[in-house]
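Architecture and fold: a report
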Amino acid sequence: MLHFSPAKTASVLLTLLIGLWLAAPNLMPASWVKAMPSWLPHKTLTLGLDLQGGSYFLLEIDKNAVIKEQVASLRSQARQILNDNKIRSQAALQGRGILVTLPNPADTEKAVQLLQVLGNPADGNLFGTGNRTATIASSTPGQVSVALTDEGLRDRMTRIVQRSVEIVGNRVNQTGVVEPIIQRQGEDRIVVQLPGLDDPDRFKNLLGQTAKLEFRLVDLSMPVDQAMRTRPPVGSTVLPSSDGGQNYLIEDQVMVAGDELTDAQASFDQNTREPVVSFRFNTNGARQFGRVTTENVNKPFAIVLDGKVLSAPVIREPITGGSGQISGNFTTQQAQDLALLLRSGALPAPMTVIQEQTVGPGLGQAAIRAGEMAALVGSILVIGFMIASYGLFGIIASVAVALNVGMIFGILSLLGATLTLPGIAGIVLTVGIAVDSNVLIYERIREEVRAGRTVLMSLDAGFARALATILDSNITTFIAAAVLYFVGTGAVKGFAVTLGIGIITTVFTAFTVTRLLVSWWYRGVKPRSIPI
């Protein structure tokens, strides 16, 4: 057990060296790390929000809005399909679907067949995979029901959350926040952690705003006051202005969508010097915008953002250059934020902030000092206990534990992990577990000495017989850490990561590093008794 071949010794030392090498950048000033050659390790631990301050947001996709949009899309598509095939119909909303009524019951079977396309999977239908998005059936002649399926809705929510994570990431990255953490949580939630953030209210608005931009025509067929008192014309809706000053009667048809934008930047109007947002369309958008402005000269053209009218300027001449500007009594910050939202793209569904936490930098520094003090005091007490109980072997155990902690930091740095207060707690707990492993080994050695065995036999049997016990205890703890990681969230995961990594390094140091140091001591001193 105490014999180490040259190859085995080299492998142990190389593993230790790599672990400590990866951890080294955490002890260096940032300027030193940047100046190091590219082939040297540069990764350092990122401090969590509870250590460096920042904001935490938990966003939730509005599932009801997704269902409402899907049902409205089914209704529009059903009308279009039946109208293209010369089948008269009426479609009414019905829960999570629509009910299509046919004046001629003889068209029922044909309508069911035509509407089957509405249930095709949104993806994967090339090979017959994917879930049906809707069921189409008829139980009464002259009526066809189209209802969203649970499976299709889940697929839709998955795609929406994935797209939302991308868009939220684009928005956050364009603000210059360093190393944000943006992750999906559950079926319809997104976690956003922004270290060092000093303006949480602004970011809350940026993250929660859908930023769905549309260019629509203003309906001049009826005064807006009359439309509000009675009923708007078919195909038009009364929308408020973004500043709440007045209402507009806007046609429902979207002439050009914000998806056609390629760029948006905050600038200043050359005449009024007021902040505006300048935008540019792609080729298709420029063509559509040019056609609409050409056909509607001297008519108002509304710029609608998330159901509110930013402005409704009159088209004085065709705009064929593919660019324009949006004005709306913006402040400089509002113009910059709107440009950012338009560049990053519209969210596929509305989101709301359901949980928010903000930690100031001062509180983070206090947490760091408290964590450092706890780790320092705990380490001193543990080392003192080991030396008092086991003498020279206690020093060997303390060296192994220090190397163990260094390897933990190296692995965490390699993984790009974020260190939090619970993570520090996991490291401190790992120190206790590592010491416990050495205690088991040393007590086994003591038992062998009392039984009258020789020095070599006692050392060899102590390490061999403690192995099974230590493996059992560490494996069960590792299973608990794995459960915490997969079931827990946020801070709990940080604790589980450091604990799990610490258990792996503990097993390594207890049965290789400690044993290697004891082996070197035995070969160098050749003792007649064990000072334990």
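None of these values were measured; they are calculated from a predicted model. Throughout, a residue's number is its position along its own chain's written sequence, starting from 1. Only residues with pLDDT of at least 70 are given local features in this predicted model, and only at 80 or more are side-chain atom pairs given and counted; all residues enter the totals for whole chains, interfaces and linings. With hydrogens and water set aside, each side-chain value is computed from the structure's full complement of heavy atoms.

**Structural notes on the side chain of Ser 398**
The cut-off we apply is this: Helix and strand assignments come from DSSP, with helices taken as H or I runs of at least 4 residues and strands as E runs of at least 2, each series counted from the N terminus. Residue burial is assigned from relative accessible area. The probe radius is 1.4 Å, only protein chains are included, and a residue is buried under 20% of its type maximum, exposed over 50%, and partly exposed in between. For this analysis, residues touch if any pair of their heavy atoms sits within 4.5 Å.
Within the fold, Ser 398 resides in helix H12 (residues 392-415). Overall, Ser 398 belongs to the buried group, its relative accessible area being 15%. Residue contacts for Ser 398: discarding those within four places in its chain leaves Ile 383 and Met 386.

**Quick notes on the sheet that holds strand S17 (residues 323-326)**
The cut-off we apply is this: Strand pairing follows a simple DSSP-based rule, namely that at least 2 bridges must link the two strands. Here the axes come from fitting lines to C-alpha atoms, over the contacting stretch only for helices, and the angles between their N-to-C directions go from 0 to 180 degrees.
With antiparallel pairing, 3 strands are arranged side by side in an open sheet as S13-S14-S17. Of all the strands in the sheet, just strand S13 (261-268) and S17 have a single pairing partner and so form its edges. Pairs of neighbouring strands in the sheet enclose a mean axial angle of 25 degrees, with direction left out of account. In this structure, S13 lies alongside strand S14 (residues 275-281), joined through 7 bridges in antiparallel fashion. Residue Ser 267 lies in a different strand from S14, and its bridge partner there is Val 276. Packed onto the sheet, helix H10 (residues 332-344) meets S13, S14 and S17 and runs at close to 175 degrees relative to S13.

**Section: the packing of aromatic side chains**
Stated formally: Working definition: rings of Phe, Tyr and Trp (its six-membered ring) pair if their centres are within 6.5 Å, and the pair is stacked with planes under 30 degrees apart, edge-to-face with planes over 60 apart, and tilted otherwise.
With the rule as written, the count across this model stands at 12 aromatic pairs. Plain terms: the ring middles of Phe 215 and Phe 281 are 5.5 Å apart, the flat faces sit at 65 degrees to each other, and that makes the pair edge-to-face. One end of the pair, Phe 215, is in strand S9 (residues 213-217); the other, Phe 281, is in strand S14, with 66 residues separating them in the sequence. Residue class for Phe 281 comes out buried when judged on its relative accessible area of 6%. Their ring planes at 65 degrees and their centres at 5.4 Å tell us that Phe 393 and Tyr 442 sit as a pair that is edge-to-face. With a gap of 49 residues between them, Phe 393 in helix H12 and Tyr 442 in helix H13 (residues 421-450) connect regions that are remote in the sequence.

**Concerning the pattern of salt bridges**
Going by this rule: Any Lys or Arg side-chain nitrogen located within 4 Å of an Asp or Glu carboxyl oxygen qualifies as a salt bridge.
Taken as a whole and assessed by the stated rule, the structure comprises 14 salt bridges. Note that Arg 189 and Glu 60 form a salt bridge whose closest N and O atoms lie 3.4 Å from each other. One end of the pair, Arg 189, is in strand S8 (residues 189-195); the other, Glu 60, is in strand S2 (residues 54-61), with 129 residues separating them in the sequence. In this structure Arg 189 comes out as partly exposed when scored by relative accessible area, which is 31%. For Glu 60, a relative accessible area of 22% corresponds to the partly exposed category. A salt bridge links Glu 448 to Arg 453; its shortest N-O distance comes to 2.6 Å. Overall, the relative accessible area of 4% leaves Glu 448 in the buried class. Looking at Arg 453, the relative accessible area reads 36%, which means it is partly exposed. One network of salt bridges, in which partners are shared, links Lys 212, Glu 214 and Arg 216.

**Looking at the packing of H12 against H13**
Note the following rule: Crossings are assigned a handedness: left-handed for a near helix turned anticlockwise from the far helix by less than a right angle, right-handed for a clockwise turn.
Packing of H12 against H13 leaves a shortest axis separation of 10 Å and a crossing angle of 145 degrees. Considering how the two elements wind past one another, H12 and H13 form a crossing that is right-handed. Contacts between H12 and H13 involve Phe 393, Gly 394, Ile 396, Ala 397, Val 401, Asn 404, Val 405, Ile 408, Phe 409 and Leu 412 on the former and, on the latter, Ile 427, Thr 430, Val 431, Ala 434, Val 435, Asn 438, Tyr 442 and Ile 445.

**Some words on the packing of helix H6 (residues 150-173) against H10**
Each pair of packed helices can be summarised by the angle the axes make with each other and by the distance between the axes. Note the cut-off: Throughout, the ten residues Ala, Val, Leu, Ile, Met, Phe, Trp, Tyr, Cys and Pro are labelled nonpolar, Asp, Glu, Lys and Arg are labelled charged, and all others, Gly among them, are labelled polar.
At their nearest, the axes of H6 and H10 sit 9 Å apart, and the two run at 140 degrees to each other. Remark: the crossing between H6 and H10 carries right-handed chirality. Seen from H6, the contacting residues are Ile 167, Asn 170 and Arg 171; seen from H10, they are Leu 340, Leu 341 and Ser 344. Here the contact of H6 with H10 is built from residues that sort into 3 nonpolar, 2 polar and 1 charged.

**Observations concerning the sheet that holds strand S6 (residues 143-148)**
One open sheet accounts for 4 strands, arranged S3-S4-S6-S5; its pairing is antiparallel. At either margin of the open sheet sits one strand with a lone partner, and together these are strand S3 (90-94) and strand S5 (134-140). For this sheet the average axis-to-axis angle between neighbouring strands, irrespective of direction, equals 25 degrees. Bridge analysis of S5 against S6 gives 5 bridges, and the strand direction is antiparallel. Residue pairing across strands places Thr 140 opposite Gln 143, the latter belonging to S6. The strands that helix H5 (residues 108-115) touches are strand S4 (97-101), S5 and S6; relative to S6, the one it contacts most, it runs at about 20 degrees.

**Overview of the nonpolar core**
The test is simple: To qualify as a nonpolar core, a set must consist of buried Ala, Val, Leu, Ile, Met, Phe, Trp, Tyr and Cys residues joined through side-chain atoms within 4.5 Å.
In terms of nonpolar packing, the biggest core is built from 41 residues, with Val 100 and Leu 115 touching the most fellow members. Ranked by size, the runner-up nonpolar core spans 24 residues in total, among them Leu 261, Phe 281, Leu 310 and Phe 330.

**As for the confidence of the model for the protein chain**
The test is simple: Values of pLDDT, the confidence the predictor places in each residue, fall between 0 and 100.
Across the protein chain, pLDDT averages 87, with 96% of residues at or above 70. Across residues 124-129 the pLDDT falls below 50, and counting only partners more than four positions away or on other chains, this stretch makes 3 contacts in the model.

**Considerations on the pairing of S9**
The buried count for S9 comes to 5 of 5 residues, which makes it a mostly enclosed element. Of the two faces of S9, the one carrying Leu 213, Phe 215 and Leu 217 and the one carrying Glu 214 and Arg 216 are both buried. Relative to strand S15 (residues 301-305), S9 runs antiparallel, the two sharing 5 bridges. Residue pairing in the sheet places Leu 213 in a bridge with Leu 305 of S15.

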